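Notes for the structure review
Spelled out, the chains give:
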Amino acid sequence: MLSEEKHVLSILVDNQPGVLSRIAGLFSGRGYNIESLCVAETVDDNVSRLTIVTQGNQPVVEQVKKQLNKLINVIKVHELTGSRYVHRELALIKMSAKPDSRAEILRIVDIFRGKIVDVGPEHYTIEVTGDEGKLEALLTLLKPIGIKEIARTGAIALFREPK
Amino acid sequence: MKLTGAQILMKALKQEGVNTIFGYPGGAVIDIYDELVKTDIRHILVRHEQGAVHAADGYARASGGVGVCLVTSGPGATNTVTGIASAYMDSIPLVIITGQVPSHLIGNDAFQEVDIVGITRPCTKHNYLVQKVDELAQIIQEAFFIARSGRPGPVLVDLPKDVINAVTVYHPPKKAKMRSYNPTYNPNMKQLHKVIELVRMARRPMIFAGGGVILSKAHKELTAFARRAQIPVTTSLMGLGAFPATDPLWLGMIGMHGTYRSNKCTAGCDLLIAIGVRFDDRVTGKTDAFAPQAQIVHIDIDPTSIRKNIPVSIPVVGDCRITLGHINKLLEKEDLGNLSEKRSGWFAQIAGWKAKTQLAYEQGTDIIKPQFVIEKLYQMTDGEAIITTEVGQNQMWAAQYYHFNDPGHFITSGGLGVMGFGLPAAIGAQVACPDKVVVDVAGDGSIQMNIQEMATAVQFGLPVKVVILNNGYLGMVRQWQELFYEKCYACTCMEHAPDFVKLAEAFGAVGLRATRPEAVEDVLAEGLSAKKPVIMDFVVEKEEGVYPMVPAGKPITEMLLV
Ligand SMILES: Cc1ncc(C[n+]2csc(CCOP(=O)(O)OP(=O)(O)O)c2C)c(N)n1
Ligand SMILES: [Mg+2]
């Protein structure tokens, strides 16, 4: 059996209506998996960058990249996995914050270099960025205290420049 | 110069060399039709929009150009979907122009509004919703460029009514060049040197060619290559005509209903050179057992076709014609040794397979065998007719018993397998080739799916011939039920069918029927010589099967022979 692995793809596309739908449709129509997807304009406002995290064995991921390249509106597909790259995800975490847990939450958030962006008598909303490992570690610590809601962006990534 | 959207569209179509459109009018495109009749573009008014797309498909394949359709919004657009999906699977260059409700109504569930761009996204090579009249000329040019370049395919352009009517200063479009679309035509020469080396070393080589050879017009290069290197050739259904069936190197078709020797060769070869194919499951059978001893070279312009279904030793991304041209050049300088000696064992083995099992049937004295009809048709048209097909047993018998020497002569819905394809496709082919004999080999089931197009053929004086192999069954499905479902013929018996002779006459065409073997030649002779559209109804053996047959999912060497 070929092993299934996570692959981070960075895709430059024409910034036009319908392009996202073409890409999402390609993944669903061919049974490929999207773990997360992020999209926004680049410095050139005619071009958007999509970051997709997908899971699959090597031949499947090769096929995914070729199929993406075949779409007329796709300008360039890079696979980051296997190279040096930076990736980050942003999470907003709304915690139930009772008097007895407030200090503990602040301590944890501080360790992870997060920020409190909204406070109420019964809650904190935390903003934190990091790679997937860091966010998972934070969530593991916060879960027992009581997470009310969570919103995550999914990964964005760029190659590191050669030193 | 100020022009309306409709006028710009006409200009753009003329620019692309369009002289024929297959279409059907409606409210959303009425302004386009109003301009169309002022041009010298010929409009073939079909009877159903599905027919328009299949006709454009047949036209594109017979002419080697791009087929064009024009339909209205809503139901006009949705009726084209099957035809578009078929053209997409078979990589046929089409441009489909659909009307759309005015821009300000889009998204409001307006009368005859449908999101046809959304619906056809997965079955077009690309599609457009034109938002401003100023983009129109450029988009039409891009649409044709995309449809015909690289791996061809259908492109849809959706035109809102306000865009059609808007007036603007016309600027001729820039030459279509797109940063995000740049097909690879020229192969990597390093890969080709490896191919030459394999050809030199191989003891049991084989060529497997497909529709890509026909699309890239590489048949001459393919034939030269096979003859020079003395390599036997098989093709997929879509590749029939890419290599002359009268050549001694011809093995017959590969796959589920391929010839015995062709499938045996695949299992026995040590080098398989695949050109312009995509290794469809109807070709490979069980993929693990496909060409187990072979190094596989795969030449195709579409990188996604390579290593999608079958592992490949040497991938070559490039246009088939250009690539084969390079290979032939390299071979000129190459000493391949004494080929007849080198290949003698392989050719002897192939001759043995051929002697063991050939395509065959026995024509008795009472009931017409469908294969006999096709064989006679082949003889009586000197193998030069353009054959379109419906889908099912009729399609396979046409593929097996009509022998094709030239590309563009076998026109079938290969990838999608659309019943109802053959008659409109024949109409399109006849428009492209008015001097050719064009025959739709049909089943009694399939022909009823688009039989309304007989009226189109009569109206436009297109003398297409329909040969119905009338077995009273949805025969191919019945055959599966016979073999794999204990003869439980669930819903495959067409208990009632129209009288096709009277029906032909009602359309203003000629209707003929043969019920006995001795009448076959007479009916064909009369039908083929008629200057009008003709339906020939051949009442054939009801439970005849198509053989050889590889059950779906089995290795292609596991052939049922009778
Ligand atoms: C539009 C469509 N519907 C259903 C099928 C499934 N199908 C494949 S072959 C076949 C039977 C065709 O019957 P007929 O046209 O009489 O041809 P025969 O096999 O009898 O020659 C059917 C129903 C199809 N290919 N296309
Ligand atoms: Mg039938």
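Comments concerning the overall build of chain A
- Assigned secondary structure in chain A consists of 4 helices and 9 strands.
- Helices and strands in chain A line up, N terminus first, as β-α-β-β-α-β-β-α-β-β-α-β-β.
- The C-alpha extent of chain A, read off along each of the three principal axes, is 55 × 40 × 40 Å.
- A buried classification covers 41% of the 163 residues belonging to chain A.
- Accessible surface computed for chain A: about 9100 Å², of which carbon and sulfur atoms make up 54%.

Digging into the nonpolar core
All names here are of chain B.
- Membership of the largest hydrophobic core comes to 73 residues, with the highest contact counts inside it found for Phe225, Ile273, Ile387 and Phe538.
- Those residues in contact with Ile387 that sit more than four places away from it in its chain are Leu377, Ala398, Tyr402, Phe404, His409, Phe410, Ile411, Val439 and Val441.
- Val46, Tyr59, Val418 and Ala509 belong to the second-largest nonpolar core, a separate cluster that totals 49 residues.

Side note on the pattern of salt bridges
- Evaluated as defined, the whole model comprises 35 salt bridges over all chains.
- Among the ionic pairs, Glu89(A) bridges to Arg152(A), the shortest N-O distance being 2.8 Å. A residue pair is termed long-range when its members are at least 10 positions apart, and Glu89(A) in strand 5 (residues 85–96) and Arg152(A) in strand 8 (residues 147–152) qualify at 63 residues.
- Of the residues examined, Glu89(A) reaches a relative accessible area of 8% and is grouped as buried.
- Taking the relative accessible area as the measure of exposure, Arg152(A) reaches 35% and is therefore partly exposed.
- A salt bridge links Glu16(B) to Arg148(B), with the nearest nitrogen and oxygen atoms 3.2 Å apart. In this pair, Glu16(B) is assigned in the loop between helix 1 (5–15) and strand 2 (20–24) and Arg148(B) in helix 7 (residues 136–148), connecting sequence segments 132 residues apart.
- Taken together, the shared-partner salt bridges connect Lys6(A), Glu35(A) and Glu132(A) into one network.

What to know about empty space enclosed by the protein
All names here are of chain B.
- Within this structure, the stated rule accounts for 1 cavity of 30 Å³ or more.
- As a volume, the largest cavity reaches approximately 40 Å³.
- For the largest cavity, the full set of lining residues is Ala12, Gln15, Glu16, Ala137, Ile140, Gln141, Tyr170 and Pro173.
- Looking at the lining of the largest cavity, the elements that each hand over two or more residues are helix 1 and helix 7.
- When residues in the lining of the largest cavity are grouped by element, the largest group, 3 residues, is from helix 7.

So, the packing of aromatic side chains
Residue and element names in this part refer to chain B.
- Enumeration according to the criterion identifies 13 aromatic pairs over all chains in this entry.
- Here the aromatic rings of Phe22 and Tyr59 are separated by 5.7 Å at their centres, their planes lie at 65 degrees, and the arrangement is edge-to-face. Of this pair, Phe22 sits in strand 2 while Tyr59 sits in helix 3 (residues 49–63); the two residues are 37 residues apart in sequence, bridging distant segments of the chain.
- Residue classification places Phe22 among the buried positions, given a relative accessible area of 0%.
- Relative to Phe279, the ring of Phe208 lies with its centre 5.7 Å away and its plane at 70 degrees, an arrangement referred to as edge-to-face. Separated by 71 residues along the polypeptide, Phe208 in strand 9 (residues 205–209) and Phe279 in the loop between strand 12 (271–275) and helix 13 (281–284) bring together distant segments of the chain. Note on accessibility: Phe208 and Phe279 belong to one class, buried.
- Through a chain of ring-to-ring contacts, three or more aromatic side chains come together here, namely Tyr378, Tyr402, Phe404 and Phe410.

Focus: the domain arrangement of chain B
Residue and element names in this part refer to chain B.
- The domain boundaries assigned to chain B delineate domain 1 (2–169), domain 2 (189–356) and domain 3 (370–539).
- Relative placement of domain 2 and domain 3: their C-alpha centres are 31 Å apart.
- If you look at the interface, domain 2 gives 15 residues, while domain 3 gives 18 residues.
- When domain 2 packs against domain 3, the two sides together hide about 1300 Å² of surface, and 67% of this comes from carbon and sulfur.
- It is Leu237, Leu240 and His257 that lose the most area in domain 2 upon contact with domain 3, and together they represent 41% of the buried surface on that side.
- On inspection of domain 2 and its partner domain 3, the count reaches 4 residue pairs in polar contact (both at pLDDT 80 or more).

Brief notes about the sheet that holds strand 4 (residues 67–71) of chain B
Residue and element names in this part refer to chain B.
- Taken together, 6 strands build an open sheet; the order of strands is 3-2-4-5-7-6 and the sheet is parallel. The open sheet has two edge strands, strand 3 (42–45) and strand 6 (126–129), and neither has a second partner. Averaged over all adjacent pairs, the angle separating strand axes in this sheet is 20 degrees, with direction ignored.
- Examined bridge by bridge, strand 5 (residues 94–100) and strand 7 (residues 154–160) share 7 bridges and lie parallel to one another. Its bridge partner being in strand 7, Ile96 is matched across the sheet by Leu156.

Thoughts on the environment of Thr125(A)
Residues and elements named next belong to chain A.
- Mapped onto the elements, Thr125 comes out in strand 7 (residues 123–130).
- Take Thr125: its relative accessible area is 11%, and that puts it in the buried class.
- Along the chain, Thr125 and Leu80 lie 45 residues apart, while their C-alpha atoms are 32 Å from each other.
- For Thr125, the contacting residues outside a window of four places in its chain are Ile93, Lys94, Lys115, Ile116, Val117 and Asp118.

Considerations on the sheet that holds strand 3 (residues 47–56) of chain A
All names here are of chain A.
- Pairing in this open sheet of 4 strands is antiparallel, and the strands run 2-3-1-4 from one edge to the other. At either end of the open sheet lies a strand with only one pairing partner, and these are strand 2 (33–41) and strand 4 (74–79). Neighbour-to-neighbour, the strand axes of this sheet turn through a mean angle of 20 degrees, independent of strand direction.
- With 10 bridges joining them, strand 1 (residues 5–14) and strand 3 adopt antiparallel strand pairing. Looking at the pairing, Asp14 lines up with Val47 of strand 3.
- On the sheet, helix 1 (residues 19–29) packs against strand 1, strand 2, strand 3 and strand 4 and is oriented at approximately 10 degrees with respect to strand 3.

The rules behind these values
Residues numbered from 1 in each chain as written. Chains lettered and ligands numbered in written order. Predicted model: local features only at pLDDT ≥ 70, side-chain atom pairs only at ≥ 80, totals over all residues. Heavy atoms only, no water. Helix = DSSP H or I, 4+ residues; strand = E, 2+ residues; numbered from the N terminus. Buried < 20%, exposed > 50% of the residue type's maximum accessible area, 1.4 Å probe, protein only. Areas by Shrake-Rupley, 256 points an atom, 1.4 Å probe, with all protein chains shown as cover. Core = buried A, V, L, I, M, F, W, Y, C linked by side-chain atoms within 4.5 Å. Contact = heavy atoms within 4.5 Å. Salt bridge = Lys/Arg side-chain N within 4 Å of Asp/Glu carboxyl O. 1 Å grid on protein atoms, 1.4 Å probe; cavity = no way out; pocket = protein on both sides within 12 Å on 5 of 7 lines; lining within 4 Å. Points joined across faces, edges and corners; volume = space filled by probe spheres on them. Phe/Tyr/Trp six-rings, centres within 6.5 Å; stacked < 30°, edge-to-face > 60°. Domains from an automatic or database assignment. Buried area = accessible area lost by both parts, 1.4 Å probe. Polar contact = N/O pair within 3.5 Å; in protein donor to acceptor, adjacent residues only side chain to side chain. Pairing = 2+ DSSP bridges. Axes fitted to C-alpha atoms, helices over the stretch in contact; angles between N-to-C directions.

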